[in-house]
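Spelled out, the chains give:
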Amino acid sequence: MLDDNDRDEVLALLDTDPVANVFVSSRVRAVGLNPARLGGQMWGFGPRGGLVSLCYAGANMVPVNAGPEAVHAFADRARKQGRRCSSIVGPVDAVSLLWERLEPHWGRARAIRWAQPVMATSSKPDVAADPLVRRVRPEEFDVLLPACVAMFTEEVGVSPNLGDGGALYRTRVAELIRIGRSYARIDDGRVVFKAEVGAVTPQACQIQGVWVAPELRGRGYAVAGMAAVVEAAMSCFAPVVSLYVNDFNHAARAVYRKVGFREIDTFMSVLF
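Thresholds applied
Residues numbered from 1 in each chain as written. Predicted model: local features only at pLDDT ≥ 70, side-chain atom pairs only at ≥ 80, totals over all residues. Heavy atoms only, no water. Helix = DSSP H or I, 4+ residues; strand = E, 2+ residues; numbered from the N terminus. Buried < 20%, exposed > 50% of the residue type's maximum accessible area, 1.4 Å probe, protein only. Salt bridge = Lys/Arg side-chain N within 4 Å of Asp/Glu carboxyl O. Contact = heavy atoms within 4.5 Å.

Caption draft 1: Local environment of unusual backbone geometry. In this structure, N65 is a non-glycine residue whose phi angle is positive, near 50°. By secondary structure assignment, the location of N65 is in the loop between β3 (60-64) and α4 (68-81). For N65, a relative accessible area of 46% translates into the label partly exposed. The backbone phi angle of D188 is positive, close to 50°, even though this residue is not glycine. Positionally, D188 belongs in the loop between β7 (182-187) and β8 (190-200).

Caption draft 2: Representation of the pattern of salt bridges in the model. Counted according to the given criterion, the structure contains 16 salt bridges. With a closest N to O distance of 2.6 Å, D76 and R79 form a salt bridge. On the criterion of helical spacing, the pair formed by D76 and R79 is a turn pair, its members being three residues apart in helix α4. A relative accessible area of 28% means that D76 is categorised as partly exposed. Among the residues examined, R79 registers a relative accessible area of 34% and is labelled partly exposed. With a shortest N-O distance of 3.1 Å, K80 and D76 are connected by a salt bridge. Taken together, the positions of K80 and D76, both in helix α4 and four residues apart, correspond to about one turn of that helix. For K80, a relative accessible area of 60% puts it in the exposed group. Taken together, the salt bridges that share partners define one network made up of R134, R137, E139 and E140.

Caption draft 3: Examining the environment of A75 more closely. Within the secondary structure, A75 sits in helix α4. For A75, a relative accessible area of 3% corresponds to the buried category. The spatial distance from the C-alpha of A75 to the C-alpha of G189 is 47 Å, given a sequence separation of 114 residues. Among all residues touching A75, those that are not within four sequence positions of it are L98, R101 and L102.

Listed below in structure tokens is the structure:
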């Protein structure tokens, strides 16, 4: 298990692929490697001064630069510790092997997203941005929250209000609003489009939670809204904007391609 003494070496390894590693890198840059602040443990594979691979073991389990030998080591530690995460997510080769090793011990997953294209852009959007998409204000939390819950439930298959009644989820939604990373088009008190910039590093940022009100889909709100969020993200956060999406979500993939995103990698997610 790594700690703050390993921070520089961990960040150097994460920076070898700043787009794929943006989530883990943003966490380390923000709070370091102390488990209490990180919200989990960071496991390292290889000697200090020669780290080869990492695995973030928190609410999500995320392997980083993990070849077969590292995956086997991480799986062994995870098996002995028992499942503490709600998902495993990361590069498809590492996650598929990790799950192959863990499934006999952890039992069946609730859902598996076998292929999730990672998409990125470093260019100004190819389409016009919606001028009505803007940062959400703190006093609009109650307006935005139902849209966030609807998006999460539709995407993940369960409500974020289960378990703790949604307290942690509400805290995260409020925090993204507070730090200026929640964007939406709100017309007469109704959320038309929304998205958040969920992870940020100096090299890249990652968009999450893209959603259009169901009754308004197919009218161009997603394309124009995403163009606005990409422009804002490049201006405020990082030169490369990324996201990942389920391979079967052809409508979303078409939207992202219209905005200028290109597929550069493939993730896989195991959901519990």
